[in-house]
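Descriptive analysis of the structure
Listed below are the residues making up each chain.
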Amino acid sequence: MRLLNWLDKQFFPENFTCELCGREIFDGGRFCADCAKTVQFNDGETCPVCGRKTATSTLCLECKAFAPAYKKAASAIVYADGGAKLIYKFKHGNAYLKDYFADLLQDKCAEFANADGICFVPMTKSDVRKRGYNQAELLAKALSERLSVPLIKNALTKVKKTEQQKSLSKAERENNLKGCFKADGKVVKGKTLILVDDVMTTGATAEAVCTELKKRGALAIYFVTAASVEYKVNNKDE
Ligand SMILES: [Zn+2]
Ligand SMILES: [Zn+2]
């Protein structure tokens, strides 16, 4: 049995199976042809501020109506279909995906490389213990190595648990996040920062954390995520 497993590994190493369905692939890609169609990259039209996929590369209506607390955001893939499955994997045991996302983000974030430090959206200590890691921290570290911008581990702490955000309206999300994050003024004051998280949906988390960072004296913040939802004009709460 052991020998068979070993042989199997030699002939079909990890990167020769599809990341999403596990099927064998022979062209050295990460996804099989069927799954590849389900992953969208943010390399076409995106909003110049929030970085979400849009129909045209002009400011989305949300950024037009309300300037976010961050200066500019970037994300690698669209949070839907195969992209959402990848994020799920990343959050549940497949920490190695940090390098995949960081590679995708490296060029996109080149313009942020003048930042003084990279920080990440924190989880509560008990949540980190449960999951084994904070995926935002892993991605921040991987990006820090690629951009040569130092990782600042103690910039932020999460002091209050949040309800699951999914089922909440935009106003409820904002309320849910109130007072959850604390930034250390001694660490962030006077600095331009890159803030990293796994996903941007409504942007409520980014808004709460960036507002807190600025309150403690951060000069400007670039917000970077592995994935973000596509911006659609009729998205009500998204
Ligand atoms: Zn597949
Ligand atoms: Zn926008």
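Residues numbered from 1 in each chain as written. Chains lettered and ligands numbered in written order. Predicted model: local features only at pLDDT ≥ 70, side-chain atom pairs only at ≥ 80, totals over all residues. Heavy atoms only, no water.

**Comments concerning the coordination of the zinc ion (ligand 1)**
Around the zinc ion (ligand 1), the protein contributes the donor atoms Cys18 (SG), Cys21 (SG), Cys32 (SG) and Cys35 (SG), at 2.3 Å from the metal centre. One can describe the donor arrangement at the zinc ion (ligand 1) as tetrahedral, given that its 4 donor atoms subtend angles of 101 to 117 degrees at the metal. In primary sequence terms, the donor set of the zinc ion (ligand 1) follows C-x2-C-x10-C-x2-C. In this pair, Cys18 sits in the loop between α1 (2–11) and α2 (33–36) while Cys35 sits in helix α2, placing the two residues 17 residues apart along the sequence. The burial state of Cys18 is the same as that of Cys35; both residues are buried. (Donors = N, O, S within 2.8 Å, 3.2 Å for Na, K, Ca; no water. Tetrahedral: all angles 85-135°; square planar, octahedral: opposite > 155°, others 65-115°. Helix = DSSP H or I, 4+ residues; strand = E, 2+ residues; numbered from the N terminus. Buried < 20%, exposed > 50% of the residue type's maximum accessible area, 1.4 Å probe, protein only.)

**Details of the pattern of salt bridges**
If you walk through the whole model with that rule in mind, you get 17 salt bridges. The partner of Asp198 in a salt bridge is Lys91, with the nearest N and O atoms 3.7 Å apart. Within this pair, whereas Asp198 is found in strand β5 (residues 192–200), its partner Lys91 is found in helix α4 (residues 81–91), the two being separated by 107 residues in sequence. Here Asp184 ties to Lys186 by a salt bridge, and the two come within 4.0 Å at their closest N and O atoms. Take Asp184: its relative accessible area is 26%, and that puts it in the partly exposed class. Judged by relative accessible area, which is 78%, Lys186 ranks as exposed. Connected through salt bridges with shared partners, the residues Lys98, Asp99, Asp103 and Arg146 form a single ionic network. (Salt bridge = Lys/Arg side-chain N within 4 Å of Asp/Glu carboxyl O.)

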